[in-house]
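Observations on chain architecture
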Amino acid sequence: MENCTSLPQFHIVAFSSSSAFDLFFFSVFLLLYLMGLIANSVIITVIYLDQQLHTPMYLFLCNLSLIDLCYTTVTVPKLLDMLLSGNYTVSFIQCLTQMYFFDVFGSTEIFLLSAMAYDRYVAICNPLHYHRIFSRILCVQLMAAVWISACLNSILVTLSATYMSFCYSFIIHRFFCDSKSLMEIASANQEMFIVVVYFEILVFGCCPFFCSLLSYIEIISAILKIKSRDGRRKAFSTCSSHLTVLTLFYGASTSVFLMPQSDQYRVLEQIFTVLYTVVTPMLNPLIYSLQNKDVKNSLKRCIGLKNKIIN
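Residues numbered from 1 in each chain as written. Predicted model: local features only at pLDDT ≥ 70, side-chain atom pairs only at ≥ 80, totals over all residues. Heavy atoms only, no water.

Right, let's talk about the packing of aromatic side chains for a bit. According to the stated counting rule, one finds 20 aromatic pairs in the structure shown. On the numbers, 6.1 Å between centres and 85° between planes, the contact of Phe60 with Phe134 is edge-to-face. Here Phe60 is found in helix 2 (residues 56-85), whereas its partner Phe134 is found in the loop between helix 4 (130-133) and helix 5 (136-161), with 74 residues between them in sequence. With relative accessibility at 0%, the residue Phe60 sits in the buried group. For Phe134, a relative accessible area of 5% gives the class buried. Measuring from ring centre to ring centre gives 6.0 Å for Phe105 and Trp147, while their planes differ by 80°; the resulting arrangement is edge-to-face. In this pair, Phe105 is assigned in helix 3 (residues 92-125) and Trp147 in helix 5, connecting sequence segments 42 residues apart. Three or more aromatic residues joined by ring pairs make a cluster, and in this case those are Phe29, Tyr71, Phe102, Phe175 and Phe176. (Phe/Tyr/Trp six-rings, centres within 6.5 Å; stacked < 30°, edge-to-face > 60°. Helix = DSSP H or I, 4+ residues; strand = E, 2+ residues; numbered from the N terminus. Buried < 20%, exposed > 50% of the residue type's maximum accessible area, 1.4 Å probe, protein only.)

Take the packing of helix 2 against helix 3 next. One way to put it is that helix 2 packs onto helix 3 with a least axis distance of 9 Å and a crossing angle of 155°. When the axis of helix 2 is compared with that of helix 3, the two are roughly antiparallel. Every pair of crossing elements has a handedness; the one defined by helix 2 and helix 3 is left-handed. Residue classes in the contact of helix 2 with helix 3 are distributed as 16 nonpolar, 5 polar and 5 charged. (Axes fitted to C-alpha atoms, helices over the stretch in contact; angles between N-to-C directions. Parallel < 35°, antiparallel > 145°, perpendicular 65-115°, else oblique. Left-handed = near helix turned anticlockwise from the far one by under 90°. Nonpolar A, V, L, I, M, F, W, Y, C, P; charged D, E, K, R; others polar.)

Bringing the side chain of Gln270 into the picture now. Topologically, Gln270 is positioned in helix 9 (residues 266-291). Among the polar contacts made by the side chain of Gln270, one reaches the main-chain carbonyl oxygen of His173 at a distance of 3.4 Å. When residues no more than four places from it in sequence are discounted, the contact partners of Gln270 are Val13, Ala14, Phe15, His173, Arg174 and Phe175. (Polar contact = N/O pair within 3.5 Å; in protein donor to acceptor, adjacent residues only side chain to side chain. Contact = heavy atoms within 4.5 Å.)

Here we take up the state of the cysteines. Per the stated rule, a full pass over the model turns up 1 disulfide. Between Cys95 and Cys177 runs a disulfide, and the two sulfur atoms are separated by 2.1 Å. For the disulfide bridge between Cys95 and Cys177, the dihedral angle about the S-S bond is near -120°, and by the sign convention the bridge is left-handed. Of this pair, Cys95 sits in helix 3 while Cys177 sits in the loop between strand 3 (171-172) and helix 6 (179-185), and the two are 82 residues apart along the sequence. Neither Cys95 nor Cys177 differs from the other in exposure class; each is buried. Here Cys151 is not cross-linked by a disulfide; its sulfur's nearest cysteine counterpart is in Cys70, at 11 Å. Here Cys207 stays free of any disulfide, with the sulfur of Cys211 as its closest cysteine sulfur at 6.6 Å. (Disulfide = S-S within 2.5 Å.)

Now the structure itself:
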């Protein structure tokens, strides 16, 4: 008799079937999580404290750091708990809850990166109209629309997942629950879920990606028209950080979702999954702080102010 159920218990296969490596993986992911937590918190604090950074570009950057904090917190603490306790079982409700919040922050980050690309396009291609186009009110409204859209999208995805049944496999070959992992092991009633997921990929994946791509085509075209070499370098430096972040995020996440379902790709898939869910959120603030003079100067001022208070 088939053991079909819509409320199963899932078993997470994180990285190795042997528990001998659990302590090693626990140490690595704890270090990455703490580094990301500290780095993103520093960026949020610096932007909040420095009035000179209260501009649309840094409002977006502050939101990006907040999203990255939440993004890793949805997956890594549960992974650390599993590695430490040895209990890799998650209920259907726990799995859906994790998938919901992962989709919320993932969708928000994709739209935010697209908005940041358009911000850089306006700053480089239409600098005289920048403050008129990107007013503070418009930025707040844009961010509110992004968050609301991401929440509604995740509700739709999560509700459609409740209709699926699972009969043959309850093993998730990732260290967290997401739409692809559930789609791979569902045995029945998955048609609605597939339609919703592909709609999500089209609207919340492809559309923002092509908007970002078009923005950078215009940006690169405008930079190449600058006659001064120093002028081209300065113009490119204003968007190099965001371009690096965009490439890392889309490169790793696209590789995961386009990778075929096969045992020979499991290790590679896990590597790319870790890259875009853990490593990239940890690197984002470092990329922006290392390549952005305003952030570095603001950080120095904050450190100097702290030293004065201590003395």
